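Here is what each chain is made of, one letter per residue.
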Amino acid sequence: QVQLVESGGGLVQGGGSLRLSCAASGSIFSINAMGWYRQAPGKQRELVAAITSGSSTNYADSVQGRFTISRDNAKNTVYLQMNSLKPEDTAVYYCNAQVPKEGAEGFYEYDYWGQGTQVTVSS
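A brief look at the structure comes next. (Residues numbered from 1 in each chain as written. Predicted model: local features only at pLDDT ≥ 70, side-chain atom pairs only at ≥ 80, totals over all residues. Heavy atoms only, no water.)

Leu-4, Met-34, Trp-36, Leu-80 and Tyr-93 are the most contacted members of the largest nonpolar core, which totals 31 residues. Among the secondary structure elements, those contributing two or more residues to this core are strand E1 (2–7), strand E3 (18–26), strand E4 (33–39), strand E5 (46–52), strand E7 (67–72), strand E8 (77–82), strand E9 (91–103) and strand E11 (117–122). Here this core gets 5 residues from one element, more than from any other, and that element is E9. Every residue in contact with Tyr-93, bar those within four places of it in the chain, is listed here: Glu-6, Leu-20, Trp-36, Tyr-37, Arg-38, Val-48, Phe-67, Leu-80, Met-82, Gly-116, Thr-117 and Val-119. (Core = buried A, V, L, I, M, F, W, Y, C linked by side-chain atoms within 4.5 Å. Buried < 20%, exposed > 50% of the residue type's maximum accessible area, 1.4 Å probe, protein only. Helix = DSSP H or I, 4+ residues; strand = E, 2+ residues; numbered from the N terminus. Contact = heavy atoms within 4.5 Å.)

Here we come to the pattern of salt bridges. Counted according to the given criterion, the structure contains 3 salt bridges. The closest approach of N and O atoms between Arg-38 and Glu-46, which form a salt bridge, is 2.8 Å. The partly exposed category is assigned to Glu-46, whose relative accessible area is 30%. The partner of Arg-38 in a salt bridge is Asp-89, with the nearest N and O atoms 2.9 Å apart. (Salt bridge = Lys/Arg side-chain N within 4 Å of Asp/Glu carboxyl O.)

Right, let's talk about the pairing of E5 for a bit. On a regular strand, each side chain points to the face opposite its neighbour's, so the side chains alternate between the two faces of the sheet. As judged from the 6 bridges shared by E4 and E5, these two strands associate in the antiparallel manner. Paired with Gly-35 across the two strands is Ala-50, which belongs to E5. The hairpin formed by E4 and E5 contains 6 residues between the paired strands, and Gly-42 there has a positive phi angle of roughly 75 degrees. As judged from the 3 bridges shared by E5 and strand E6 (residues 57–59), these two strands associate in the antiparallel manner. Residue pairing in the sheet places Ala-50 in a bridge with Asn-58 of E6. (Pairing = 2+ DSSP bridges.)

Under the criterion given, the structure shown has 3 aromatic pairs. Taking 4.9 Å as the distance between ring centres and 70 degrees as the angle between the ring planes, the aromatic pair formed by Tyr-110 and Tyr-112 counts as edge-to-face. The partly exposed category is assigned to Tyr-110, whose relative accessible area is 34%. Among the aromatic residues, those joined into a cluster by ring pairs are Tyr-37, Tyr-94 and Trp-113. (Phe/Tyr/Trp six-rings, centres within 6.5 Å; stacked < 30°, edge-to-face > 60°.)

The following block contains the structure:
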């Protein structure tokens, strides 16, 4: 199993920056991809950014060009650098790790989640 510990959330002014960190432990060798999701009040959880074991990245259109996901393999840590923050970015941000598991229909991706960290962007 995988454990995820998040840090870096807080309150920031519009146009400011925050850096979120997610430290993974446990069976980290089994992780296919890691990412950041967010969920605002009354809205569905959405993918913000993801990075694969091969260092491929993808971003939600709403954060493209403003957010950068990266990793430090020596520290087993994934980061989300958030620049030019907008009030619309206000949400609880969750670290995610995907691990392949076998089911009746074959392999599927099992999701591990961090506890979530609040990001609030004021105007």
